[in-house]
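Below are the chains, spelled out letter by letter.
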Amino acid sequence: MEAGTRVWSYESSGEDPWILSEIISRSDNSIKLKHIVTDASSSSSDGSGAPKTFDRPLIKPDNNDPSQSASEGAKYEGVELANAQLSEADIAEGMDNDMISLPHLHEPAILHAVSERYFRGEIYTWTGPVLIAVNPFQRLPLYTRDILESYRQEGFIRSQNLGDSNAKPLGPHVYSVADRSYRQMMAEERKSQSILISGESGAGKTETTKIVMLYLTTLGTPDGEGGGGGGGGSSPNVEVGVEEVHDSTEKLSIMERVLQSNPILEAFGNAKTLRNDNSSRFGKFIELGFNRAGILQGAKVQTYLLEKVRIGFHASGERNYHIFYQLLRGATEEQHHRYCFHDGLTGGLELANYFHLTGQGGAPTLREFTDEEGLKYTLKSMRSMGWGEEKIDKVLSIVAGILHLGQVKFDSKMSEGGQEIAQIADEKTVADAAMLLGVDVEKLTTALTVRIMVTRGDEIRIDLAPDKACDARDALAKTVYGALFLWVVREVNNCIMWENEKDIRSSAGVLDIFGFESFAVNSFEQLCINFTNEALQQQFNKFIFKLEQEEYERENISWAFISFPDNQDCLDTIQSRPQGILTLLDDECKLGQRGSDKNWAMRLNQAYLPEKNQVVSDNTRYSATKMQQAKGIFCVRHFAGNVAYTAETNFLEKNRDEIPLTAKSLFEEDSSDLIKEIYDVQVSASEDTSASAKSGPAKSKTVSQQFKAQLTSLIEMIETTDPHYIRCLKPNDAAKPKLMTRKRLTEQLRYGGVLEAVRVARMGYPVRMDHTGFFKRYRMLLPSIGEDKLAWSTEDQDPQQLSVKLLDTLLEEGAKPTNYVNEDGSITRANQIRMSQRQPDPLIFPKEDVQLGKTKIFMRKGPHDKLESHRVFHQNASITLIQSWMRMMQQNRRYLVMEDAALTLERWYRGCLGRARWWRLREAQASQLLTNNLRMQIVRRKYNKARAGTIRLQAQYRGRNIRKVNGATKIQSYYRMHVQSKAFRKLKSAIIALQCCVRRGKAKGVFEQLKREAKDMGKVKQHNEKLKAEMASLKAMLQAQASNSADKEKSEKAIKEKQAEIDRLEGRIAQLEAALAKEKENVKKLENDLASQKEGNKRLTADLQFQKEKVNSTQTPMHRKQSSGTSKAEPLAEAMVIGATMSSEDLAHHHAEVARLEEELDAERKMTHAMRTQIKNLRASMADKGVVDVTASSTDYMSDAVSEISGSEMDTSDIPDPSEVDQARYVHFLLRRCLNECSSVPFLFDGRGGFVQYPLQSSTLLHNGNGILNKILTICTCLLQCYLFRLVVLLVLGLFLIVIAMFVVLRWHHSVNYARMRLLALDGSFDEMSGATRMLFTGFATV
């Protein structure tokens, strides 16, 4: 190892045990290394990204160890040489298919090769005779029918010694192992084969078993290899779909029946664990029987150690057996009713979570398939096995009965002796379970709550406590399910078993056994499983290691012995007598009730740890610390590691697995035929049939005894066959694709003995043949050697001597150059064929690579491959010579046919040439025509572009001139419009001023007339007199009210109805008044806006007129003459409006709306007046009859009068009742309320003797007539008697006259000034006024 060499360095910590490193320097006692950094975050760096450096010491050689030779060189601790990286071409050629071809063969090299192939999607790798299969945890296209066909064809050609031995073989595959086992079985010896598939749980053993069975059954069908077809036919249809329906087994082939048995066994024997969704919880050995022709005759299934403890308990995240969940989730509505699955009683839970036996782990679903699909597949397989619907229903009923049995709960009660005993909590649950299981309800209740013991022939019944009753319930469920599973296996065997044992010539067995298990708490099941794996590992060691060495020793072959892991001492620790673990367990079980798990653990510690403070046994396989001994824990060092077992986990109970007497009575009496049949299968499997037991009554065997017997039979059967090994590896515990935990993979490779198998296969002699077979097979390699030198037959000859002479001759001839020319210089046809073929490698190899033993010849892989390549070379030459004559005859016949065809083709070709020349002439003429058209189009396009440009230029020039003329014309028109508009505005302003003066004069006359009318008090006195008369009438009415009241109620009812109608009309009047007031406000606002708009227009007109005159004054006489000559005087236009304007149409619309509302209001008031008139008439008629309330009538009369004047209803809430006060006070209150109501009217008095104002319009009074006026005058007559009121009226009237006089004088003065300034403006002297005068004029105009 020099500096720069790449090596693998071992690291005990971290996820990667072997890290690629490089040697930096070397000294006499150590070397300095650095890790090759591939990732900054990996353990190969020190955290900063720099490579980690370290030293490794030199291992001093042991001179006493013969396995270490001086040629091997120096060894360093934890350092192994790394192989060179393979190129893409080497990978494509499959240089890493077999790890024997690795230059450096050791643990890190194997780990690296397996890892690289795994990430390339190549999950299979050869290690000599062992196939390594890594679980990809995903679907890969490796098992298609085309791939199966390719391996089948290659196996057939190889078995017939056809083809080129140097041809590249197909890559490693599970099909290769299956094909090799079938070809060896069909060889001359017809020896049976066995394929042992092992690995941890979740490594893919079950799926690999299915693939192997599929391939073997495919080859064993009559259409495949076994039917004598010679391999020329196509492979049969091996895809048995779930959707295909078979009514009976007659329609199914043997292959299909064998394959259809898998779903049934998986449904009843597989469950989900934390490591695997479809973990086999039992072991099975499937033996396929073939006849002499290689046709599959049937199969036989043998099972081992079903994990029945899972029935009563399973951990969180795990599941019970698949059949329970398939039935609960996939059953139809009719099956739900039949099996008493009531969804309404689950409290919203799913059925799988509701039942006790299925809901302990949460009832998770599977990732690969659903339980509904699983039930369909299971039922399909049952029908394929020939099971009728009645039989299937009975099996499912028992499964449902077990589920209901798990739902049985117990209550406690006190017995007569004062002990706590169990009683059934729900009788219906027990009845459902008994009905589905087909047993008697009473006996089932007894089996759950009572234990029967037989002592000296006497039967003792013991009532169980509630916790013991739960244990009895679980034990009964496990017993029933275990018996059901054995019955299912037997029925499957009855369907797929061969009919005649004499027809079976050989068999191929496939072993799918549970993998090595180690949990936090390990019990009896784990001990049996690991014991099985130890036995199989021992058999593997014998096959790979011991048998190899023993064979070499028997044949006197030189062999360098290597060390190998031998686990025979571990097997002895578990099963040997009298101190084996299982042996001591059986002894403890014989003690009956006196035996216990704790006593058994103490006996184990005493047997293996006799010394004080001893924690490890002498053979180092058994160990237990003081703490573990106190807790009843012991450890066993298996080939896969140290496993701690907890003794107090019902080891004895699980090992006994006895059927209670109550259960025997339950199953034997008053039970269905199926349950009796199932029970008989269980009894036959558990009875001791040994010779020692035949003398007395049959005794039941313990589980360990049954298991050891089955395991011994399995090992013996495997030893009589040719074994083939498939090691399944689990790349990670998370079951994720493209993820590999190298540390876990290293442990599996190390514990599985794969490394030692590779070394032996590389260093040993894998090819072995007897002397006769060797001579017959390879004598054809020397065709030029005559019989006088080397015989062609072994008759009367010693095969061993002939083989030695053949080998020497082969090596002698192989060293010579190959010469195919005869002495006369001619070359035979056969030699010509040999010369044309690819020459094989010369037969040059060390003689030591071929060892001649006593009965066999042992060869390494290299010499064997060379001999086979030369054999195929000579076979191909002979076959080619025969084929050449056949081809000559075929070619001669073909020549005559082709000659006639050639003449026909020549005639057709000449015709084609003529037609082609004529077509070329047409193309030349067409091309000339196309060229002329193209040139024409080019010239035309240029002309069109020039013409369009000229037209566009002319249009732009003409448009510019026209726009100039239009612009000048537009400016002139705007100027003329401005001049005429200014003149019009001046004239309009003057006319408006004159109209204002005329209207002012007329208004003064109207105002004087109104003042005169206001001073006429005669009419007011007249009305006052009438009011006094009305008051007198009111007093008379009050006096008459006391004597007449007969028809009061009837009249009041009519009055109330009229009053209600009046209230509705008054509400309508109020709405109309509000709308009228709002509309008047809008009209007033619009009038103000229109007035301000017109005023602004006036100002703008005046300004424009002023500007026009100013411009005219600045023009020259020449310009004035031109203007006068070209245009006539036009009237002034309206001023321009800037911004938003108010049109007269909008104002007219609002006026119309006001008029409409006034009309509606007037109509409503008329209707109200009519109603009031009717009330008055009614009251008058009541007065005539003498039944009117005078006081009330007076109140209503005054209220009506006031409402007619003011337009609103008078408030009479504060007027006192006339019966409570005197008449004078009542009239005083009534008159005061009338004055207050009328104070808001603009033409009445204010109630305090003061005059407010006179109405400008009296349309309301005139409309209502003299009656209303008389009422008003009557009220005013009373008010005028107040002197204070008169004085206030006179003062207000005087002030009003003074204000009017001042306003008239100011208005007259302003009008005179405004008229004077207008006359000056019309005379054209407006420009001569000062700025103050112009401002004053503008202000007057605004006013």
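Residues numbered from 1 in each chain as written. Predicted model: local features only at pLDDT ≥ 70, side-chain atom pairs only at ≥ 80, totals over all residues. Heavy atoms only, no water.

A. Region of interest: the overall build of the protein. From N to C terminus, the protein includes 42 helices and 25 strands. Going through the 1343 residues of the protein one by one, you find that 42% of them count as buried. Summed over its atoms, the accessible surface of the protein is roughly 73,400 Å², and 54% of this surface lies on carbon and sulfur atoms. (Helix = DSSP H or I, 4+ residues; strand = E, 2+ residues; numbered from the N terminus. Buried < 20%, exposed > 50% of the residue type's maximum accessible area, 1.4 Å probe, protein only. Areas by Shrake-Rupley, 256 points an atom, 1.4 Å probe, with all protein chains shown as cover.)

B. Main features of the nonpolar core. Counting 131 residues, the largest nonpolar core has F268, F324, L444 and I726 as its most contacted members. The element best represented in this core is helix α16 (residues 466–496), accounting for 15 residues. In this view, F324 contacts I311, T358, V399, I402, L403 and Y481; residues no more than four positions away in its chain are not counted. Counting residues in each nonpolar core, the second largest holds 49 residues, with F531, C570, V643 and A647 among its members. (Core = buried A, V, L, I, M, F, W, Y, C linked by side-chain atoms within 4.5 Å. Contact = heavy atoms within 4.5 Å.)

C. Structural detail: unusual backbone geometry. The amide bond that connects R577 to the next residue, P578, takes the cis arrangement and shows omega of 5°. Position of P578 among the secondary structure elements: in the loop between α18 (568–575) and α19 (581–590). Of note in the backbone geometry, C340 takes a positive phi value of approximately 60° without being a glycine. Mapped onto the fold, C340 is located in the loop between α9 (333–338) and α10 (351–354).

D. Quick look at the packing of helix α6 (residues 254–269) against α16. Where α6 contacts α16, the axes come no closer than 10 Å and their chain directions differ by 180°. Judged by the angle between their axes, α6 and α16 are roughly antiparallel. Between α6 and α16, the residues in contact are R257, V258, S261, I264, L265, A267, F268 and G269 and Y481, L484, F485, V488, V489, V492, C495 and I496, respectively. In terms of residue class, the contact of α6 with α16 is made up of 13 nonpolar, two polar and one charged. (Axes fitted to C-alpha atoms, helices over the stretch in contact; angles between N-to-C directions. Parallel < 35°, antiparallel > 145°, perpendicular 65-115°, else oblique. Nonpolar A, V, L, I, M, F, W, Y, C, P; charged D, E, K, R; others polar.)

E. The packing of helix α3 (residues 145–159) against helix α5 (residues 205–219), seen in detail. With their axes 12 Å apart at the nearest point, α3 and α5 run at an angle of 60° to one another. In this view, α3 runs oblique relative to α5, as classed from their interaxial angle. Crossing of α3 against α5: the hand is right-handed. Across from L148, Y151 and R152 in α3, the residues of α5 making contact are Y215, T218 and L219. Looking at side-chain class alone, the contact of α3 with α5 contains four nonpolar, one polar and one charged residues. (Left-handed = near helix turned anticlockwise from the far one by under 90°.)

F. Spatial organisation of the confidence of the model for the protein. Overall, the predicted model of the protein reaches an average pLDDT of 77, with 75% of residues at or above 70. When pLDDT is averaged over each helix and strand of the protein, the minimum, 37, is found for helix α39 (residues 1259–1264) and the maximum, 94, for strand β19 (residues 622–623). Predicted confidence is poor over residues 1238–1266, with pLDDT under 50, and the contacts of this stretch with residues over four places away or in other chains come to 48 contacts. In this model, residues 1322–1343 is a region of pLDDT below 50 whose contacts with residues beyond four sequence positions or in other chains number 26 contacts. (pLDDT = per-residue confidence, 0-100.)

G. How the structure looks around the sheet that holds β19. One open sheet accounts for three strands, arranged β19-β20-β21; its pairing is antiparallel. Strands with a single pairing partner mark the edges of an open sheet, and in this sheet they are β19 and β21 (641–646). (Pairing = 2+ DSSP bridges.)

H. Up close: a nonpolar patch on the surface. A contiguous nonpolar surface patch, about 490 Å² in accessible area, is contributed by W885, M886, M888 and M889. Relative to the assigned elements, M886 resides in helix α32 (residues 861–1014). (Patch = residues over 30% accessible without salt bridge, like charges linked within 9 Å, V, L, I, M, F, W, Y side chains within 5 Å. Salt bridge = Lys/Arg side-chain N within 4 Å of Asp/Glu carboxyl O.)

I. Geometry of the packing of aromatic side chains. Applying the stated criterion across every chain yields a total of 23 aromatic pairs. Where F324 meets Y481, the ring centres are 5.4 Å apart and the plane angle is 35°; that geometry is what we call tilted. Of this pair, F324 sits in helix α8 (residues 322–330) while Y481 sits in helix α16, and the two are 157 residues apart along the sequence. Y481 shares its class with F324; the two are buried. Through a chain of ring-to-ring contacts, the aromatic side chains of F524, W600, Y608, Y622, F634, Y645 and F651 assemble into a single cluster. Directly above the aromatic system of Y325 lies the positively charged group of R319, at a separation of 4.1 Å from the ring centroid. A cation over a ring is seen here: R779 above W792, with NZ or CZ 3.7 Å from the ring centre. (Phe/Tyr/Trp six-rings, centres within 6.5 Å; stacked < 30°, edge-to-face > 60°. Lys NZ or Arg CZ within 6 Å of the ring centre and 35° of its normal.)

J. Local environment of the side chain of N605. Turning to its location among the elements, N605 is positioned in helix α20 (residues 597–608). Contact partners of N605, with chain neighbours within four places excluded, come to P610, Y622, A624 and Q629.

K. Broad picture of the sheet that holds strand β4 (residues 53–59). Taken together, the six strands give an open sheet; going across it, the order is β5-β4-β3-β2-β1-β6, and neighbouring strands pair in antiparallel fashion. Both edges of this open sheet fall to β5 (75–76) and β6 (79–81), since each of them pairs with a single strand only. Summarising the sheet, β4 and β5 pair through two bridges and their orientation is antiparallel. Within β5, the position partnered with I59 by the bridge is K75. Sheet strands touched by helix α2 (residues 107–119): β1 (6–10), β2 (18–26) and β6. Its angle to β2, the strand with the most contacts, is close to 130°.

L. Fine view of the side chain of S192. Summarising the element assignment, S192 is placed in the loop between α4 (174–185) and β9 (193–199). Only 3.2 Å separates the side chain of S192 from the backbone nitrogen of S507, close enough to count as a polar contact. Ignoring sequence-local partners within four residues, the contact set of S192 consists of S506, S507, T721 and D722. (Polar contact = N/O pair within 3.5 Å; in protein donor to acceptor, adjacent residues only side chain to side chain.)

M. Highlighting the environment of T370. Mapped onto the elements of the fold, T370 is located in the loop between α11 (356–359) and α12 (371–384). In sequence terms T370 and R329 are 41 residues apart; their C-alpha atoms lie 9.1 Å from each other. One polar contact links the side chain of T370 to the main-chain amide nitrogen of E373, over a distance of 3.3 Å.

N. Focus on the pattern of salt bridges. All chains considered together, the criterion is met by 41 salt bridges. A salt bridge links K300 to E287; its shortest N-O distance comes to 3.8 Å. Here K300 is found in strand β13 (residues 296–304), whereas its partner E287 is found in strand β12 (residues 283–290), with 13 residues between them in sequence. Residue K300 is classed as partly exposed on the basis of its relative accessible area of 32%. K730 is the partner of D733 in a salt bridge, and the nearest nitrogen-oxygen pair spans 3.9 Å. Overall, D733 belongs to the partly exposed group, its relative accessible area being 44%. Linked through salt bridges whose partners overlap, the residues forming this network are D96, R117, R120 and E122.

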